[in-house]
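Reading the structure
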Amino acid sequence: MAWLKQQEKESYDHDNIVLFDMDGTLTPPRQAFDLSLLPALRELSSVATIGIVSGSDYDYILEQMNYLVRKSELVYNLHLLPCNGTKWYQPPVDNVSSYELTHEINMIDALGQKVYKKLVTVLLELQCMIAESNLNIPLTGEFIQYRGSMINWCPIGSIRRREESSIISRGS
């Protein structure tokens, strides 16, 4: 972003912040950012700082929002809040720096090892009940994922095809 002059970067400082969910708002679930939204975000960035919140971790935000976080001039006004906001990445300050992890909550430290282990045990028991049930749903693997600041539990597995996700979301 060498084309952005220092005074332009400083113009991105605002008292207001607008937060957007990534999956289902800025992108279709697990899909790339729709560039047609860029003009509206540019206009919004003139009056507010923009934040992207996601249940996904940082690497998925980078993957899905690739253009916005790597090639757009909005990068200097774009905060990333993965893992449902339990992590905070501040935007780069210039064209040679990158996003910086500023804040993170560690779930095991917050809950304690004993409570965390009990939580995982309960999730595993529930997962076994689902797997042994007569429900006609696909089970695809990676059911429980520890993300440092949170646990993501996906009873059907997070490694699934789009068709399987739409079947489940329709309740079939």
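One can find the structure itself at the top, above this paragraph.
Let's shift gears to the side chain of Q64. Topologically, Q64 is positioned in helix 3 (residues 58–64). From its side chain, Q64 meets the backbone oxygen of Q31 in a polar contact 3.0 Å long.

Alternating residues of strand 4 (residues 87–90) divide into K87 and Y89, all buried, and W88 and Q90, none buried. With 4 bridges joining them, strand 4 and strand 5 (residues 100–104) adopt antiparallel strand pairing. Opposite Y89, over in strand 5, you have L101 as the bridge partner.

Taken as a whole and assessed by the stated rule, the structure comprises 3 salt bridges. The closest approach of N and O atoms between D57 and K87, which form a salt bridge, is 3.0 Å. On the criterion of sequence distance, the pair formed by D57 in the loop between strand 2 (49–53) and helix 3 and K87 in strand 4 is long-range, its members being 30 residues apart. One connected set of salt bridges, linked through shared partners, spans D57, K87 and E104.

Burial along strand 3 (residues 78–81) is two-sided: the face carrying L78 and L80 and the face carrying H79 and L81 are both buried. With 4 bridges joining them, strand 2 and strand 3 adopt parallel strand pairing. Across the sheet, residue V53 finds its bridge partner in strand 3, namely L81.

Our focus in this paragraph is the nonpolar core. With 20 residues, the main nonpolar core has I52, M65, L68, L78, L80 and Y99 as its most contacted residues. Those elements giving two or more residues to this core turn out to be helix 2 (38–45), strand 2, helix 3, helix 4 (66–70) and strand 3. Among the elements that make up this core, the one with the highest residue count is helix 3 (3 residues). Excluding anything up to four places from it in sequence, M65 contacts M22, L26, T27, F33 and I52.

Tallying each qualifying case throughout the model produces 2 aromatic pairs. Relative to Y89, the ring of Y58 lies with its centre 3.9 Å away and its plane at 15°, an arrangement referred to as stacked. Pair noted here: Y58 is in helix 3 and Y89 is in strand 4, with a separation of 31 residues, a long-range link. Y58 gets classed as buried once you look at its relative accessible area, which sits at 19%. Note on Y116 and Y146: the rings are 5.5 Å apart at their centroids and 70° apart in plane angle, and the pair reads as edge-to-face. Here the residue Y116 occupies a position in helix 7 (residues 113–132), and Y146 occupies one in strand 6 (residues 144–146), the gap between them amounting to 30 residues. The class of Y116 is buried, set by a relative accessible area of 12%. Taking relative accessible area as the criterion, Y146 reaches 34% and is therefore assigned partly exposed. Lying across the ring of Y60, R30 places its NZ or CZ 3.9 Å from the centre.

Glancing now at unusual backbone geometry. The phi angle at C83 is positive, at roughly 55°, despite the residue not being glycine. Considering the arrangement of structural elements, one finds C83 in helix 5 (residues 82–85). Phi is positive for N84, close to 60°, though the residue is something other than glycine. Within the secondary structure layout, N84 lies in helix 5. Under the relative-accessibility criterion, N84 is labelled exposed at 52%.

In this section: helix 2. When we look at burial in helix 2, the residues that qualify are L38, L41 and S45. The buried residues of helix 2 occupy an angular sector of 65° when the element is viewed end-on, so they sit on one face. The secondary structure elements touched by the buried residues of helix 2 are strand 1 (17–21), strand 2 and helix 4.

Rules and cut-offs
Residues numbered from 1 in each chain as written. Predicted model: local features only at pLDDT ≥ 70, side-chain atom pairs only at ≥ 80, totals over all residues. Heavy atoms only, no water. Helix = DSSP H or I, 4+ residues; strand = E, 2+ residues; numbered from the N terminus. Polar contact = N/O pair within 3.5 Å; in protein donor to acceptor, adjacent residues only side chain to side chain. Buried < 20%, exposed > 50% of the residue type's maximum accessible area, 1.4 Å probe, protein only. Pairing = 2+ DSSP bridges. Salt bridge = Lys/Arg side-chain N within 4 Å of Asp/Glu carboxyl O. Core = buried A, V, L, I, M, F, W, Y, C linked by side-chain atoms within 4.5 Å. Contact = heavy atoms within 4.5 Å. Phe/Tyr/Trp six-rings, centres within 6.5 Å; stacked < 30°, edge-to-face > 60°. Lys NZ or Arg CZ within 6 Å of the ring centre and 35° of its normal. Arc of directions from axis to C-beta.

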